[in-house]
Amino acid sequence: MFCLRSVAPLRRVGWRLCEVMHDPLEHVTGIEKRELLAHLAGDCDPFRIMPIKRGPGTRERPTLIPSTLSQRIIGCICNEHNMHAEYMVLHQNEPKRCGCGYWFELCPIAPL
């Protein structure tokens, strides 16, 4: 009986403390905080992992692929009916041609 009486007031106090939800920005740190700040600033893809639509893809005007590093692996779905992607490694300042004929080039961007 003594235990039940001592726990009941704690439950009521704890319930009042949990009624207010805190802002997640007050608790997160590091890369997760930078990701949340980027989302609040309007950048829905801060890590640049969403699919990129191909541009003209010619040697003079290749499709630009954003990257924070000097190289990046990309996959090209050459035909919209294919069920697989052709993967290739792009290097900085070296345009590369896919097997389907489209050209790609890395575009440097600032890291998150």
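Just so you know, these numbers come straight off a predicted model, no measurement behind them.

Trainee: So what exactly am I meant to see when it comes to the side chain of T63 here?
Mentor: Position of T63 among the secondary structure elements: in strand 1 (residues 63-67). A distance of 3.1 Å separates the side chain of T63 from the backbone nitrogen of G55, its partner in a polar contact. Setting aside anything within four residues of it in sequence, one finds T63 in contact with K53, R54, G55, G57, W103, F104 and E105.

Trainee: Is there a simple way to explain the layout of surface pockets in this structure?
Mentor: Where empty space is left becomes clear once a probe the size of a water molecule has been rolled over the atoms. Within this model, the largest pocket holds a volume of roughly 410 Å³. What lines the largest pocket is a set of 16 residues, and nearest its centre among them are M50, P51, I52, I74 and G75. Listing elements by their share of the lining of the largest pocket, those giving two or more residues are strand 1 and strand 2 (71-76). The dominant element in the lining of the largest pocket, judged by the number of residues it contributes, is strand 2, at 5 residues. For the lining of the largest pocket, the residue count by class is 10 nonpolar, 2 polar and 4 charged.

Basis of the calculations
Residues numbered from 1 in each chain as written. Predicted model: local features only at pLDDT ≥ 70, side-chain atom pairs only at ≥ 80, totals over all residues. Heavy atoms only, no water. Helix = DSSP H or I, 4+ residues; strand = E, 2+ residues; numbered from the N terminus. Polar contact = N/O pair within 3.5 Å; in protein donor to acceptor, adjacent residues only side chain to side chain. Contact = heavy atoms within 4.5 Å. 1 Å grid on protein atoms, 1.4 Å probe; cavity = no way out; pocket = protein on both sides within 12 Å on 5 of 7 lines; lining within 4 Å. Points joined across faces, edges and corners; volume = space filled by probe spheres on them. Nonpolar A, V, L, I, M, F, W, Y, C, P; charged D, E, K, R; others polar.

No statement about biological role is implied by the geometric values presented.
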